Amino acid sequence: MEEPIVVGMDIGTSKICTLVARVENGNTLRILGVGIEPSQGIRKGAVTDINLAAECIARSVEKAERTSGYEINSALVSLAGSQVSSVNSRGVVGISGRAIDQEDVYRALDSAQAVAIPHNREIIHVIQRGFIIDGQDGIRQPVGMHGFRLEVEAHIITAAASTVENLRQCVSMAGIDVTQFVLNPLAAGEVVLSETERDMGVAVVDLGGGTTDLAIYINGDVWHTNVLNVGGSHVTSDIAQGLRLPLDVAEEVKLQHGHAVLEDIGEDESFNILSFGSDQSAKVSRRELVNIIEARMEEIFTMVSQEIKRSGYDGMLPAGLVLTGGASLLPGVRKLANKVTGLPARVGKPEKIVGLTDQISSPAFATSVGLLQWAILMTETNQIVSDRSGKNGKTTRNTWDSIRVWLDKLLP
Ligand SMILES: Nc1ncnc2c1ncn2[C@@H]1O[C@H](COP(=O)(O)OP(=O)(O)OP(=O)(O)O)[C@@H](O)[C@H]1O
Ligand SMILES: [Mg+2]
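Keep in mind that this is a model prediction, so the values were computed, not measured. (Residues numbered from 1 in each chain as written. Chains lettered and ligands numbered in written order. Predicted model: local features only at pLDDT ≥ 70, side-chain atom pairs only at ≥ 80, totals over all residues. Heavy atoms only, no water.)

**Quick look at the overall build of the protein chain**
In terms of helices and strands, the protein chain carries eleven helices and 19 strands. With respect to the three principal axes, the spread of C-alpha positions in the protein chain is 80 × 50 × 40 Å. When the 412 residues of the protein chain are sorted by exposure, 56% land in the buried category. Residue pairs in contact within the protein chain that sit at least 24 positions apart in sequence constitute 68% of those at least 6 positions apart. (Helix = DSSP H or I, 4+ residues; strand = E, 2+ residues; numbered from the N terminus. Buried < 20%, exposed > 50% of the residue type's maximum accessible area, 1.4 Å probe, protein only. Contact = heavy atoms within 4.5 Å.)

In structure tokens form, the structure reads like this:
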């Protein structure tokens, strides 16, 4: 049998990354093509300049095509931004005492989706979080069990329909069909989390350029998601303001001398920079820089902590936080995250990939590689979802097929 080729496209605030991979032995990703382009016309996960964004996407696709030798027609595409929101919902169906089959599960999921979702929103994911049969909860695989009443707890992720449509149009202007949109942290979670962490309870925190994305996994399933509108680019603009530097210099300074924890920096540490409007280089104390960075990163982790509390699952995360995304490369970030949230933290990056991995074996590419993992799941069940723009009408079989990916994968 021919090994499938999968394509993922991460459209971020800082970079657009298109990856082409061959799935070897059913689960190993051999990266064949990499197309990384600085992102333009995209802010906080939404399109701000459709032509500019489409051009960047096209360049990224072209690079990935050139390196892989494959022509790309469709891809799984990442989604983030303030336009995304999620609700938990319960669906109920009657069974009449016989054994529950897959159709019943689909019906239950269908009914969970019958929550009031405004017409200007599009459903992106419907994820099952567990089943209840005749009042008995904690059931993970209901198929084959007997009962009269099947209930499903579902996590429904929606996005503003216009945001999704604009993104889809941008990608299509670059000649690519969107196979499916995948929420940023759910893609990243696929590659940075271990089975054990998911079962124990863990939060993925994708520290990107324009957004910080959160997904909470408990008992192996996704229980809560949220996107915060703050990220590494805010750190850079704080530095630019505080040290009176152009943005590109501030970014460079952050990458070279940045750190998240002030107390770890010695009084005597310093570096030289050229300030605005002067050709003389000036000496800057590193503590001054780190003071600025720490303040913003502390704010980000405080928001993460508040969001976890708001979710109500704060006591259920023994595996703590797994940090990923470009801004998790900041030295000291783990320590600060732990200090602010009180949870254990580690940094996660794509592992177990082969081929052209030099550029992408970094936390900044967790989402990009995660999209390929999603694509594997979809080819496994051989059901590629082509279009989810069924709006709020009846869920199409395709939608359920892609959800089944989750069911099949997450259930033992
Ligand atoms: N070594 C580093 N130290 C500190 N910050 C870093 C480092 N490397 C990258 N970053 C920061 O990471 C951010 C980009 O992260 P990433 O590539 O994950 O963003 P993105 O996916 O394009 O954005 P988003 O997910 O928010 O749409 C930038 O703000 C960049 O400054
Ligand atoms: Mg990202």
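**Points about the pairing of strand S9 (residues 136-139)**
Each regular strand carries side chains that alternate between the two faces of the sheet. Bridge analysis of strand S8 (residues 121-133) against S9 gives two bridges, and the strand direction is antiparallel. Bridging across to S9, isoleucine 133 finds its partner in glutamine 136. The antiparallel hairpin formed by S8 and S9 contains two residues in its connecting segment, where aspartate 134 sits at a positive phi of about 45 degrees. (Pairing = 2+ DSSP bridges.)

**With respect to the packing of aromatic side chains**
Evaluation of the coordinates by the stated rule reveals one aromatic pair. Centre to centre, the rings of tryptophan 223 and tyrosine 313 are 5.3 Å apart; their planes meet at 70 degrees, and the pair counts as edge-to-face. Note that tryptophan 223 is positioned in strand S14 (residues 221-228) and tyrosine 313 in the loop between helix H8 (286-311) and strand S17 (321-324), a separation of 90 residues in sequence. Grouping residues by exposure puts tryptophan 223 and tyrosine 313 together as buried. The lysine or arginine in question, arginine 129, covers the ring of tryptophan 223, its NZ or CZ lying 4.7 Å from the ring centre. (Phe/Tyr/Trp six-rings, centres within 6.5 Å; stacked < 30°, edge-to-face > 60°. Lys NZ or Arg CZ within 6 Å of the ring centre and 35° of its normal.)

**Focus: the site of ligand 1**
Neighbouring ligand 1 are 19 residues, the closest being Thr13, Ser14, Lys15, Glu251 and Lys254. The separation between an oxygen atom of ligand 1 and a polar main-chain atom of serine 233 is 3.4 Å. Protein contacts shield 88% of the accessible area of ligand 1, which totals 650 Å² for the unbound molecule. Of the pockets mapped on this structure, ligand 1 occupies the largest pocket. Residue assignment for the shell around ligand 1 shows that the elements contributing at least two residues are helix H6 (232-242) and helix H7 (247-257). (Near = heavy atom within 4 Å. Polar contact = N/O pair within 3.5 Å; in protein donor to acceptor, adjacent residues only side chain to side chain. Areas by Shrake-Rupley, 256 points an atom, 1.4 Å probe, with all protein chains shown as cover. 1 Å grid on protein atoms, 1.4 Å probe; cavity = no way out; pocket = protein on both sides within 12 Å on 5 of 7 lines; lining within 4 Å. Sits in = over half its atoms within 2 Å of the grid points.)

**Overview of unusual backbone geometry**
Even without glycine at this site, lysine 44 takes up a positive phi of about 50 degrees. Along the chain, lysine 44 turns up in the loop between strand S4 (42-43) and strand S5 (46-47). Note on lysine 44: relative accessible area 26%, which makes it partly exposed. Phi is positive for serine 96, which is not a glycine, with a value near 70 degrees. Note on placement: serine 96 falls in the loop between strand S7 (84-94) and helix H2 (102-112). Overall, the relative accessible area of 58% leaves serine 96 in the exposed class.

**With respect to the packing of helix H1 (residues 50-68) against helix H3 (residues 161-173)**
The interhelical angle for the contact between H1 and H3, taken along N-to-C directions, is 50 degrees, at an axis separation of 8 Å. The orientation of H1 with respect to H3, classified from their angle, is oblique. The element H1 and its partner H3 pack so that their crossing is right-handed. Here H1 contributes Ile50, Asn51, Ala53, Ala54 and Ile57 to the contact with H3, which in turn contributes Asn166, Gln169, Cys170, Val171 and Met173. When the residues that make up the contact of H1 with H3 are grouped by side-chain class, the tally is seven nonpolar, three polar and no charged. (Axes fitted to C-alpha atoms, helices over the stretch in contact; angles between N-to-C directions. Parallel < 35°, antiparallel > 145°, perpendicular 65-115°, else oblique. Left-handed = near helix turned anticlockwise from the far one by under 90°. Nonpolar A, V, L, I, M, F, W, Y, C, P; charged D, E, K, R; others polar.)

**Focus on H1**
Taking 1.5 Å per residue as the helical rise, H1 with its 19 residues ought to reach 27 Å, and the 27 Å between its terminal C-alpha atoms agrees with that figure. Buried-residue contacts for H1 involve strand S1 (5-11), strand S2 (15-24), strand S3 (28-38), S4, S5 and H3. Measuring from the side-chain oxygen of the N-cap residue of H1 to the backbone nitrogen of asparagine 51 gives 3.2 Å; that N-cap residue is aspartate 49. Immediately downstream of H1, the backbone of glycine 69 shows phi near 80 degrees, a positive value. (Expected span 1.5 Å × (residues − 1).)

**Description of the environment of glycine 35**
On the secondary structure map, glycine 35 appears in strand S3. For glycine 35, a relative accessible area of 0% puts it in the buried group. Taking the C-alpha atoms as reference points, glycine 35 and isoleucine 57, separated by 22 residues in sequence, lie 9.2 Å from one another. The residues contacting glycine 35, other than those within four sequence positions of it, are Ile16, Cys17, Thr18, Ser60, Lys63 and Ala64.

**A short note on the pairing of strand S10 (residues 149-160)**
For S10, the tally of buried residues reaches ten of twelve residues, placing the bulk of the element in the interior. Pairing between S8 and S10: eleven bridges, direction antiparallel. Within S10, the residue paired with glutamate 122 across the bridge is alanine 159.

**A short note on the packing of H7 against H8**
Relative placement of two packed helices is described by the angle separating their axes and the distance separating the axes. Between H7 and H8, the least distance of the axes is 11 Å, while the angle of their chain directions is 105 degrees. With respect to each other, H7 and H8 are oriented roughly perpendicular. When H7 is examined against H8, the residues Val253, Lys254 and His257 are found in contact with a partner set consisting of Arg286, Leu289, Val290 and Ile293. Split into classes, the residues belonging to the contact of H7 with H8 amount to four nonpolar, one polar and two charged.

**Observations concerning the side chain of glutamate 197**
Mapped onto the elements, glutamate 197 comes out in helix H5 (residues 195-200). Polar side-chain contacts of glutamate 197 include one of 3.0 Å to the backbone nitrogen of serine 194. Residues contacting glutamate 197, with those up to four places away along its chain left out, are Val192, Val202, Ala319, Val322 and Arg346.

**Side note on the pattern of salt bridges**
Pairing is possible between side chains of opposite charge, provided their charged atoms come close. Considering all chains together, one arrives at 23 salt bridges under this definition. Between glutamate 62 and arginine 66 there is a salt bridge, and its shortest N-O distance comes to 3.7 Å. Placement of the pair is glutamate 62 and arginine 66 together in helix H1, with a separation of four residues, close to one helical turn. Here arginine 66 falls in the exposed class, since its relative accessible area comes to 61%. Between aspartate 104 and arginine 98 there is a salt bridge; the shortest N-O distance is 2.9 Å. With relative accessibility at 2%, the residue aspartate 104 sits in the buried group. (Salt bridge = Lys/Arg side-chain N within 4 Å of Asp/Glu carboxyl O.)

So far we have only geometry, and geometry alone does not tell us how the molecule works.
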